[in-house]
Amino acid sequence: MMDSVATDSSTPSNDRPDNKPRRARRTRMTGAERRQQLLDVGRTLFAAKGFEATSVEEIAAKAGVSKPVVYEHFGGKEGLYAVVVDREMRQLLGMVTGSLTAGHPRELLEQAAFALLDYIEEYTDGFRILVRDSPIPQSTGSFASLISDIATQVEDILGREFKNRGFDQKLAPLYAQALVGMVALTGQWWLDARKPKKAEVAAHLVNLAWHGLDGIEPKPRLIGHRKS
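Keep in mind that what you see is a predicted model, and the values were worked out from it rather than measured. (Residues numbered from 1 in each chain as written. Predicted model: local features only at pLDDT ≥ 70, side-chain atom pairs only at ≥ 80, totals over all residues. Heavy atoms only, no water.)

Caption draft 1: View of the packing of aromatic side chains. Overall, the coordinates contain 7 aromatic pairs when judged by the stated rule. Between Phe162 and Tyr175, the ring centres sit 5.5 Å apart and the planes meet at 75 degrees, which makes this aromatic pair edge-to-face. With a gap of 13 residues between them, Phe162 in helix 7 (residues 143-165) and Tyr175 in helix 8 (residues 172-193) connect regions that are remote in the sequence. We classify Phe162 as buried; its relative accessible area is 11%. Against the face of Phe51 rests Lys77, its NZ or CZ located 4.3 Å from the ring centre. Sitting above the plane of the Phe114 ring, Arg226 keeps its charged end 4.1 Å from the centroid. (Phe/Tyr/Trp six-rings, centres within 6.5 Å; stacked < 30°, edge-to-face > 60°. Helix = DSSP H or I, 4+ residues; strand = E, 2+ residues; numbered from the N terminus. Buried < 20%, exposed > 50% of the residue type's maximum accessible area, 1.4 Å probe, protein only. Lys NZ or Arg CZ within 6 Å of the ring centre and 35° of its normal.)

Now the structure itself:
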């Protein structure tokens, strides 16, 4: 499937008898290129305005196509939104689970905190979309279900650590949900605040999780290789 869009018009040629400008040449987008363009446009609009306030007409206008093109690729606004959300969930889950590489549990906490904050910083529009409640029932999940998926990954790590230390492994899911939930909610706050700096936020999150309120450090430090 190919879609056509106009490119820059050519300059007038003095070699032509009438000296009239040539017609603009037209290039063609492949179906995959058009689909990606619509995803990028939809992602930006959904992040800025939300699902309900974004219309198919606006998506089409921003992409420079007609409404039927949007329907042809995604079946409507709902289909486009579902694909956008699914991609963002995969991106965030991949960044968090892929970051958990260190052996020391405190450094693992740092890595998880940095991964979420990195995602918020690099994929701000995507995070804004995820933290909104999905208006489409049973579409691609929700931010809560995504956090639960991440907590499951952390649960396995905590379970091994609890076993090594002689703690009750049945409590690992509870602690995993508490830790991941704390980081996720702090990330939602930092989305707009952006202060203090990312490394400081990560250090304070780990400070609370690692030491508890009773042993909290006034100036926490990071022990991993990440310092910013």
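Right, picking up where we left off after that structure.
Caption draft 2: Representation of the packing of helix 6 (residues 124-131) against helix 8. Where helix 6 contacts helix 8, the axes come no closer than 11 Å and their chain directions differ by 130 degrees. Of the possible angle classes, the one that applies to helix 6 and helix 8 is oblique. Of the two elements, helix 6 crosses helix 8, and the hand of that crossing is left-handed. Of the residues in helix 8, those in contact with Thr124, Phe127, Arg128 and Val131 of helix 6 are Gly187, Gln188, Leu191 and Asp192. The residue inventory of the contact of helix 6 with helix 8, partitioned by class, reads 3 nonpolar, 3 polar and 2 charged. (Axes fitted to C-alpha atoms, helices over the stretch in contact; angles between N-to-C directions. Parallel < 35°, antiparallel > 145°, perpendicular 65-115°, else oblique. Left-handed = near helix turned anticlockwise from the far one by under 90°. Contact = heavy atoms within 4.5 Å. Nonpolar A, V, L, I, M, F, W, Y, C, P; charged D, E, K, R; others polar.)

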